[in-house]
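Here is what each chain is made of, one letter per residue.
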Amino acid sequence: MVKNYLSFTFTHLSRYMDTEAGAVPSRMEEGPVRTKSPFTRWRKKHKITQVRVAEILGIAPQYVCVMERGGLIPLPRKFARFEELTGGAVTHKMMIVWAYGITQQDVEKAQNI
């Protein structure tokens, strides 16, 4: 469901980019993510393990691991718990931008249309 939600969102975003509708590349489909997720960077900076995050939020450690690798991005309602944990330092939008590899150049291109 999450992947369908994001595919739908970025299919519409792709209309403003120089790609065919639905052709916006997703790191989820391309394989391993090369950069650390914003949440992973925050977690390591604060020396908190994935297991501890899972305990605090009442979720499985595997869920945290998959999210940090870009295998899924929780819907905004679910991600609110992660935002609360980080004190707003990591937002849902940041995770989407990271997962889909959206660059500043992509944003500027979309804004100039």
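Now for a look at the structure at hand.

The rules behind these values
Residues numbered from 1 in each chain as written. Predicted model: local features only at pLDDT ≥ 70, side-chain atom pairs only at ≥ 80, totals over all residues. Heavy atoms only, no water. Helix = DSSP H or I, 4+ residues; strand = E, 2+ residues; numbered from the N terminus. Contact = heavy atoms within 4.5 Å. Buried < 20%, exposed > 50% of the residue type's maximum accessible area, 1.4 Å probe, protein only. Phe/Tyr/Trp six-rings, centres within 6.5 Å; stacked < 30°, edge-to-face > 60°.

Comments concerning the overall build of the protein
Next, step 1: Looking only at helices and strands, the protein features 8 helices and 0 strands.
Next, step 2: Ordered by position from the N terminus, the helices and strands of the protein form the series α-α-α-α-α-α-α-α.
Next, step 3: Across the protein, the fraction of contacts at a sequence separation of at least 24, relative to all contacts at a separation of at least 6, is 59%.

Quick word on the side chain of His92
Next, step 1: Relative to the assigned elements, His92 resides in helix H7 (residues 92-100).
Next, step 2: A residue is classified by how much of its surface remains accessible, and His92, at 8% relative accessible area, is buried.
Next, step 3: Beyond its immediate stretch of four places on either side in the chain, His92 contacts Ile73, Pro74, Leu75, Pro76, Phe79 and Glu83.

What to know about helix H3 (residues 38-45)
Next, step 1: The complete set of buried residues in H3 reads Pro38, Phe39, Thr40, Trp42 and Arg43.
Next, step 2: Buried positions along H3 lie against helix H4 (50-57), helix H5 (61-69), helix H6 (76-86) and H7.
Next, step 3: Once H3 finishes, Lys47 follows within two positions and takes phi at roughly 55°, a positive value.

Description of H7
Next, step 1: Taken residue by residue, H7 has His92, Met95, Ile96, Trp98, Ala99 and Tyr100 as its buried positions.
Next, step 2: Of the residues one or two after H7, Gly101 is the one with positive phi, at around 65°.

Brief notes about the packing of aromatic side chains
Next, step 1: For the structure on display, the rule yields 3 aromatic pairs.
Next, step 2: Ring centres 5.2 Å apart and planes at 90° place the aromatic pair Phe39 and Phe82 in the edge-to-face group. Residue Phe39 is found in helix H3, and its partner Phe82 is found in helix H6; the two are separated by 43 residues along the sequence. Across the pair, exposure class does not vary: Phe39 and Phe82 are buried alike.
Next, step 3: A ring pair is formed by Phe79 and Phe82, whose centres lie 5.3 Å apart and whose planes are at 20°; its orientation type is stacked. Highlighted residues: Phe79 and Phe82, both in helix H6, separated by 3 residues, approximately one helical turn. Assigned by exposure class, Phe79 and Phe82 land together as buried.

Re the environment of Pro61
Next, step 1: If you trace the backbone, Pro61 turns up in helix H5.
Next, step 2: Not counting the four nearest positions on each side in its chain, Pro61 is found in contact with Val51 and Ala54.

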